[in-house]
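The chain contents come next:
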Amino acid sequence: MAVRDDVLQILSERETAVSGEEMAQMLSVSRAAVWKAINSLRGEGYNISAATNRGYQLCESNVLSARMIAAHMRSISERRLPEPPAGDGEPPHFVHGAHGVPGVHGEEDSRLQVLGSVDSTNEELKRQAALGGVEAGAVVLADEQTAGKGRLGRGFHSPGSLGLYMSYLMKPRCDLSRALLITAGAAVACARAVRSVTGKPAAVKWVNDIYMKSAADEYRKAGGILTEAVTNFESGHIDSVIIGIGINCTGVEDDLPEDIRGRAISLASSTGKNVDRNRLAAEIIKELDEITALDYDDEPVRRTLIDEYKKYSVVTGRDVLIHKNAYGGAGPGLDDGGDPLPGIAARVLDITADGGLHVAYPDGAEEIFTTGEITLRI
Ligand code: BTN
């Protein structure tokens, strides 16, 4: 790795300042080389403070950067490395880099593509997958999307600097009947990552909306997931799945389009803390690496995943409106004019082992949904 990358790595791992001399010693380079690397990083937009007698410290920076994401990913891998077994100790339960996903020091950067602006990261990754040459675990991120896509044919508001917009390529080993579980798994990955970065719990609204609490203690949507399948042109089979994730990171009510004001929130508004998009991206990618490597055909694996999903779920036991064919419309439960779509009143009984929504109607009839949309009734 270049000195610049090494310096970035050290700074991203330290929560306190580190002197130029210490870094020079650690890297066996001159102090001038460290200073040059610091200047080059500053030139790229990294916010690095310097204090006499203390050294350099990486402050939060809002520049989305593949190198910074990779540095965070390496720190996460090191944090999670299992203790070496003592004698006949337990084998490590977590295998990094499983399933052909690069997870070894120094390899992460090559799987990450950070773009300034793109129509949609899902579309971009789909285009690349169609041409071949992108591996499982490839990630496309963009500072802004000009035509961000939401579920059910909706758009996803994706202004520059304010959100995290990323798409992850998965090569599923399981039957596509497990698609709902893949989506539920992605929601679990996001909920874990948001909690790790903000210190606050994230909630999930079936099937894959990420919710956070507002100052008024009401749940609001902070992000969503759009999972799309890519068909191999020659074989006609689905050979990859694109997991697209959009999360409102910073930004206040006024930054939101009018039709979603009062229903959406950013992580920063919800938690009162600034959110480092690079760190959030790294946490999500590491969680997705783990979750997409699971064997979804294995019943205990599915049960463990759904049990965790249920812990984040805000819908169980709640009265909801079900929109069976919620295609189109301006937002969840709203039509193009912003009026509520007709929905069927029901109470959620449970999330099934396959990620379906088990509901009961007022007349006592029950049904399990695997598609569609729900709105929570207050
Ligand atoms: C939803 O809430 O309906 C799903 C939103 C998914 C948005 C993400 S942003 C990154 C990726 N690219 C897209 O165009 N959409 C997904």
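Please refer to the structure higher up on the page.
Residues numbered from 1 in each chain as written. Predicted model: local features only at pLDDT ≥ 70, side-chain atom pairs only at ≥ 80, totals over all residues. Heavy atoms only, no water.

## Focus on the packing of helix α4 (residues 66-80) against helix α8 (residues 277-292)
Now for step 1: For the pair α4 and α8, the least separation of the axes is 8 Å and the interaxial angle reads 50°. If you check the angle between α4 and α8, you find them oblique. When the axes of α4 and α8 are compared, the crossing they make is right-handed. Listed contacts from α8 to M68, I69, H72, M73, I76, S77, R79 and R80 of α4 are N278, R279, A281, A282, E283, I285, K286, E287 and E290.
Now for step 2: Across the contact of α4 with α8, the residue classes tally to 7 nonpolar, 3 polar and 7 charged. (Axes fitted to C-alpha atoms, helices over the stretch in contact; angles between N-to-C directions. Helix = DSSP H or I, 4+ residues; strand = E, 2+ residues; numbered from the N terminus. Parallel < 35°, antiparallel > 145°, perpendicular 65-115°, else oblique. Left-handed = near helix turned anticlockwise from the far one by under 90°. Contact = heavy atoms within 4.5 Å. Nonpolar A, V, L, I, M, F, W, Y, C, P; charged D, E, K, R; others polar.)

## With respect to the site of the ligand
Now for step 1: The local shell around the ligand holds 19 residues, among which S120, Q145, K149, R151 and K221 are the closest.
Now for step 2: A distance of 2.7 Å separates an oxygen atom of the ligand from a polar backbone atom of K149.
Now for step 3: Side-chain polar atom of K221 to an oxygen atom of the ligand: 2.5 Å apart, as the coordinates give it.
Now for step 4: Here the shell around the ligand gets 4 residues from one element, more than from any other, and that element is strand β8 (residues 219-231).
Now for step 5: Per-class residue counts for the shell around the ligand are 5 nonpolar, 10 polar and 4 charged. (Near = heavy atom within 4 Å. Polar contact = N/O pair within 3.5 Å; in protein donor to acceptor, adjacent residues only side chain to side chain.)

## Quick look at unusual backbone geometry
Now for step 1: Here W206 and V207 are connected by a cis peptide whose omega angle stands at 0°.
Now for step 2: Its location among the elements puts V207 in the loop between β6 (203-205) and β7 (209-213).
Now for step 3: Even without being a glycine, S28 presents a positive backbone phi close to 55°.
Now for step 4: In this structure, S28 sits in the loop between α2 (20-27) and α3 (31-43).
Now for step 5: For S28, a relative accessible area of 67% gives the class exposed.
Now for step 6: You will see that L152, though not glycine, has its phi angle at about 55°, which is positive.
Now for step 7: The topology assignment puts L152 in the loop between β4 (139-145) and β5 (163-170). (Buried < 20%, exposed > 50% of the residue type's maximum accessible area, 1.4 Å probe, protein only.)

## Some points on the nonpolar core
Note on soluble globular proteins: their nonpolar side chains tend to be buried together.
Now for step 1: M166, I243, L280 and I284 are the most contacted members of the largest nonpolar core, which totals 68 residues.
Now for step 2: With 13 residues, helix α6 (residues 179-198) is the largest single contributor of residues to this core.
Now for step 3: Among residues more than four places away in sequence, those in contact with I243 are N122, M166, S167, Y168, M170, I182, A186, I225, L226, T227, L288 and T292.
Now for step 4: Counting 16 residues, the second largest nonpolar core, distinct from the first, contains V7, V34, I48 and L58. (Core = buried A, V, L, I, M, F, W, Y, C linked by side-chain atoms within 4.5 Å.)

## Notes on the sheet that holds strand β11 (residues 344-351)
Now for step 1: With respect to topology, 5 strands assemble into an open sheet ordered β13-β12-β11-β10-β14, the strand pairing being antiparallel. The open sheet terminates on both sides in strands that have one partner only, identified here as β13 (366-369) and β14 (373-376). For this sheet the average axis-to-axis angle between neighbouring strands, irrespective of direction, equals 45°.
Now for step 2: Here β11 pairs with strand β12 (residues 357-360) via 4 bridges, running antiparallel. When the sheet's bridge partners are listed, D350 is paired in β12 with H358. (Pairing = 2+ DSSP bridges.)

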